[in-house]
Amino acid sequence: MYYILYGICYLISLLPYRALYVLSDGFYLLVYRLVGYRKKVVRKNLAAAFPEKDDKERKQVEKRFYHFLCDYFVETLKLLSVSDKTLRRHFEIIGLDQVEQCFAEGQSCAGFLGHYCNWEYDSTTQIAFKRFPDAVTGLIYHPLYNKAMDRLFLKLRSNKGGTCIPKNDILRYLVKYRQEKKMTLFGYIADQSPKWENIHLWLNFLNQETPVFTGAERIARKMNNAVFYVRMTRPHRGKYVVNYQLMTRNPKDMEEHELTRQFFQLLEEDIRREPHLYLWTHDRWKRTHEEFDRRFKVENGKVLKREQPT
């Protein structure tokens, strides 16, 4: 199954960007107009996040989002075969001089990003380093249930030198790289929905009380990594600009959860500026604080099931 899937995707990736976007327009008609992929979830999320917008405005965001979602798909497939030279024309990185300055002073780094613009392209950061071409870079990921798709995305994310590490193993690898005296820059996609037992913080995010992961912050504090917000913009179709913006070089000195709060504030600013570039198909608000309090309790920092839900 993997080899069949890979073969089809690789052939698609050989198309030039212009042809890929023609293909994307066809996918849009299929995904949005005919199938209506997760359209109910998207509309529910947009209505909750933007109550100040009327139906017409939210419908415009919805259409632009599905156009972008199809672009994201074909752009990601392009990573299977795109040359470094071509990629640099479509993906510009700003702020790596600050990252390399941290490396020069012996401090590894962490990048916090969300499901905004094409986050898959952040796995290609390795090609932009000048002073530290041997630094270990990549994304922390959640393994997919479908083994063939999981293997395909690992290939996509590692094709330009990126190192992909399952989220449950990252701390062990960071300690290993430190012992080997290797500088690291890993991206933490930090806006995913945590499982019930991993909920340690609730924030107001896009007008909704939202359970959020705090693991990226805990790891950055433990490893004393410099933390950057990975701000990605899309000036036009086929062009992304990533700006590594320093949040702190001393995460241990910050109050608990402050880094996480700052990250979600920055991410919300980006989403409100260009809402169609966010991943609205994910049902990230399916868990409520009321249900959490009824089914779980927190003791000594651990989330435990109640024997008798209240």
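### Considering the pattern of salt bridges
Inference 1: Evaluated as defined, the whole model comprises 21 salt bridges.
Inference 2: Across the pair R234 and D71 runs a salt bridge whose closest N-O atoms are separated by 3.0 Å. In this pair, R234 is assigned in strand β8 (residues 226-236) and D71 in helix α4 (residues 55-78), connecting sequence segments 163 residues apart.
Inference 3: Given a relative accessible area of 18%, R234 falls into the buried group.
Inference 4: Note on D71: relative accessible area 2%, which makes it buried.

### So, the environment of R306
Inference 1: Its location among the elements puts R306 in the segment after β11 (302-305).
Inference 2: Here R306 falls in the partly exposed class, since its relative accessible area comes to 29%.
Inference 3: For R306, the contacting residues outside a window of four places in its chain are D293, R294, R295, F296 and K297.
Inference 4: Here the side chain of R306 touches F296 through a polar contact of 3.0 Å, landing on its backbone oxygen.

### Topic: the packing of helix α2 (residues 17-35) against α4
Inference 1: Contact geometry for α2 and α4: axes closest at 8 Å, N-to-C directions at 130 degrees. One finds that α2 runs oblique with respect to α4. Handedness of the α2/α4 crossing: right-handed. Counted together, Y17, L20, Y21, L23, S24, D25, F27, Y28, V31, Y32 and R33 of α2 and K59, E62, K63, Y66, H67, C70, D71, F73, V74, E75 and K78 of α4 form the full contact between these two elements.
Inference 2: For the contact of α2 with α4, the class distribution of residues is 12 nonpolar, two polar and eight charged.

### So, the confidence of the model for the protein
Inference 1: Per-residue confidence for the protein gives a mean pLDDT of 94, with 100% of residues at or over 70.
Inference 2: Taking the mean pLDDT of every element in the protein, the minimum, 88, falls on strand β10 (residues 296-299) and the maximum, 98, on helix α10 (residues 258-273).

### Let's talk about the side chain of R284
Inference 1: With respect to the helices and strands, the residue R284 is situated in the loop between α10 and α11 (289-295).
Inference 2: D191 provides the closest opposite charge to the buried, unpaired R284, separated from it by 4.1 Å.
Inference 3: Looking at R284, its side chain comes within polar contact range of the main-chain oxygen of D191, at 2.6 Å.
Inference 4: A distance of 3.3 Å separates a polar atom in the side chain of R284 from a polar atom in the side chain of Y278.
Inference 5: Residues contacting R284, with those up to four places away along its chain left out, are H115, D191, Q192, S193, Y278 and L279.

### Comments concerning the pairing of β10
Inference 1: The sheet contact formed by β10 and β11 spans four bridges and is antiparallel. Among the inter-strand pairings, E299 is bridged to a residue of β11, identified as K302.

### Focus on the pairing of strand β6 (residues 202-205)
Inference 1: Pairing of β6 with strand β7 (residues 208-211) involves four bridges; the strand directions are antiparallel. Following the sheet pairing, W202 is matched in β7 by P211.

### Examining the state of the cysteines
Inference 1: Scanning all chains against the criterion turns up zero disulfides.
Inference 2: Here C102 stays free of any disulfide, with the sulfur of C109 as its closest cysteine sulfur at 4.1 Å.
Inference 3: Residue classification places C109 among the buried positions, given a relative accessible area of 2%.

### A short note on the packing of aromatic side chains
Inference 1: Inspection of every chain in the model, using the stated rule, returns 29 aromatic pairs.
Inference 2: Relative to Y10, the ring of Y6 has its centre 5.9 Å away and its plane inclined at 25 degrees; by these criteria the two rings are stacked. Taken together, the positions of Y6 and Y10, both in helix α1 (residues 2-13) and four residues apart, correspond to about one turn of that helix.
Inference 3: By relative accessible area, which is 21% here, Y6 ends up partly exposed.
Inference 4: Taken together, a centroid distance of 5.5 Å and an interplanar angle of 80 degrees make the contact between F103 and F132 edge-to-face. Taken together, the positions of F103 in helix α6 (residues 96-104) and F132 in the loop between β2 (109-113) and β3 (136-141) put the pair 29 residues apart, joining distant regions of the chain.
Inference 5: Judged by relative accessible area, which is 3%, F103 ranks as buried.
Inference 6: Overall, the relative accessible area of 22% leaves F132 in the partly exposed class.
Inference 7: An aromatic cluster is defined as three or more aromatic residues linked by ring pairs; in this entry it consists of F50, F112, Y188, F205, Y229, F263, F264, Y278, W280 and W285.
Inference 8: Seen from the ring of Y32, K39 lies directly overhead, with NZ or CZ sitting 4.2 Å from the centre.
Inference 9: Between the NZ or CZ atom of R287 and the centre of the ring of W196, over which it lies, the distance is 5.6 Å.

### Overview of the packing of helix α3 (residues 39-49) against α4
Inference 1: Running from N to C, α3 and α4 cross one another at 130 degrees; their axes reach a closest spacing of 10 Å. By the angle between their axes, α3 is oblique relative to α4. Relative to α4, α3 is oriented so that their crossing is right-handed. Across the interface between the two elements, K39, V42, R43, L46 and A47 from α3 touch R58, K59, V61, E62, F65 and Y66 from α4.
Inference 2: Grouping the constituent residues of the contact of α3 with α4 by class yields six nonpolar, no polar and five charged.

Procedures and definitions
Residues numbered from 1 in each chain as written. Predicted model: local features only at pLDDT ≥ 70, side-chain atom pairs only at ≥ 80, totals over all residues. Heavy atoms only, no water. Salt bridge = Lys/Arg side-chain N within 4 Å of Asp/Glu carboxyl O. Helix = DSSP H or I, 4+ residues; strand = E, 2+ residues; numbered from the N terminus. Buried < 20%, exposed > 50% of the residue type's maximum accessible area, 1.4 Å probe, protein only. Contact = heavy atoms within 4.5 Å. Polar contact = N/O pair within 3.5 Å; in protein donor to acceptor, adjacent residues only side chain to side chain. Axes fitted to C-alpha atoms, helices over the stretch in contact; angles between N-to-C directions. Parallel < 35°, antiparallel > 145°, perpendicular 65-115°, else oblique. Left-handed = near helix turned anticlockwise from the far one by under 90°. Nonpolar A, V, L, I, M, F, W, Y, C, P; charged D, E, K, R; others polar. pLDDT = per-residue confidence, 0-100. Lys, Arg positive; Asp, Glu negative; His and termini not counted. Pairing = 2+ DSSP bridges. Disulfide = S-S within 2.5 Å. Phe/Tyr/Trp six-rings, centres within 6.5 Å; stacked < 30°, edge-to-face > 60°. Lys NZ or Arg CZ within 6 Å of the ring centre and 35° of its normal.

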